[in-house]
Amino acid sequence: MLTITTLKQILAEPKSIVITTHYKPDGDALGSSLAMLLWLKAHGHQARLIVPSDYPSFLAWMPHQEEAIIYTENKALADKLIAASDLIFCLDFNGLARTHDMQPILSTSQATKVMIDHHLDPEGFDQFRHWNPESAATAYLVYDFIVNLLDDRSSITPEIATCLYTGIMTDTGSFRFQSTTVEVHLAIADLISLGAKNAEIHERVYNSSSENRLKFLGFCLLNRLVVLHEYNTAYFAITKEDLTRFNIVTGDTEGLVNYALSISGIKLAALIIDRTYQIKLSLRSVGTFPANEICAKYFNGGGHRNAAGGHDDHPLERVVEKFKAVLPAYKEQLMDN
Ligand code: 5GP
Ligand code: MN
């Protein structure tokens, strides 16, 4: 592993740098990546952001997001940039498989990989690591990296502050989750003082639903929510026909799982969606219940204790049955008050 002193020396000369993040970037992934992109460009580097896939339209206002190269849509250029890069900043993921189609090129690349992340059990693809699994957001770690490790708070422009604010806001459920520490509030306050317009950011992210999306939410609440009282568990199972019927696009299902969790007494919530190429699961839990353990053990995934995800290649009904079959093993924890 490189030390911060060595990394600083490397960054003292202009470098070719690629920044990347996980498949279907969320606010934290995109916010961290754009902040890093802007910081690196401001320090004389040739930096480009390559994202593995598209991202939700509620993030499509973020400063400089239009500069992001979407890997699957521009593979030749992206591969060329990766091959020519001295450094690759890997933000908000702990294993190369989370970049989907970018995994092969990233794993063979000889570039120095800098990982800034807050997911448990990093795979170890990196040569420099700023990592803390207790951190609320990767964007908080990017803030900490710039302010404390690089001692460069004065380089945080209003645009960078906006990107970091958005990342922390989305990954903490608007400063609601247990991960929202005093340090997080202090960082947020500092980002506002550095030019992040907080009310505007909340408005852009949370009040930008399409009419379809809201109707889809109503449909799911009425027709797709199943509550298993005997396990304090609630889930939605969404078919591909549901997605087509409401014209659902990337980002439209974000937050849906939280409605299942909002029922009084519910400890575990799941959103199980037929994405055609595979079934995607999103799990949320309260307290000490390990949603990530279920995802890692049974659904090829992982994540945080209270927010985890995974996938399965079987048909939707079978995945739902499998999910329900897992619950008896956790009955005691789920019923514990
Ligand atoms: P979401 O449910 O919002 O897709 O993901 C919640 C969290 O679960 C993410 O922040 C990530 O840590 C984790 N996660 C989601 N999908 C996967 C997956 O396929 N594999 C792994 N290892 N983690 C995932
Ligand atoms: Mn994150």
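Residues numbered from 1 in each chain as written. Chains lettered and ligands numbered in written order. Predicted model: local features only at pLDDT ≥ 70, side-chain atom pairs only at ≥ 80, totals over all residues.

If you check an unreviewed UniProt entry, the protein chain appears there as Bifunctional oligoribonuclease/PAP phosphatase NrnA from Olivibacter oleidegradans.

Close contacts around ligand 1 come from H119, S282, G301, G302, G303, H304, A307, A308, G309, G310 and H311, and that covers them all. Elements that contribute at least two residues to the shell around ligand 1 include exactly β11 (302–303) and β12 (307–312). When grouped by side-chain class, the residues that make up the shell around ligand 1 number two nonpolar, nine polar and no charged. (Near = placed C-beta within 6 Å. Helix = DSSP H or I, 4+ residues; strand = E, 2+ residues; numbered from the N terminus. Nonpolar A, V, L, I, M, F, W, Y, C, P; charged D, E, K, R; others polar.)

Glancing now at the sheet that holds strand β10 (residues 279–285). An order of β7-β8-β9-β10-β12-β11 is seen for the six strands of this open sheet, with the pairing classed as mixed. Looking at strand neighbours, the two that pair on one side only are β7 (225–228) and β11, the edges of this open sheet. Both β7 and strand β8 (residues 233–238) contribute to a ladder of four bridges, which runs antiparallel. Considered in β8, the bridge of L228 is made with T233. In this fold helix α13 (residues 316–326) packs onto β8, β9 (268–274), β10 and β12, with an angle of close to 165 degrees to the strand it touches most, β9. (Pairing = 2+ DSSP bridges. Contact = placed C-beta atoms within 7 Å. Axes fitted to C-alpha atoms, helices over the stretch in contact; angles between N-to-C directions.)

We note that the domain assignment places domain 1 (4–206) and domain 2 (211–335) within the protein chain. A separation of 27 Å is found between the C-alpha centroids of domain 1 and domain 2. With eight residues of domain 1 at the contact, the number on the domain 2 side is seven residues. Class assignment for the residues of the side of domain 1 that touches domain 2 results in four nonpolar, two polar and two charged. (Domains from an automatic or database assignment.)

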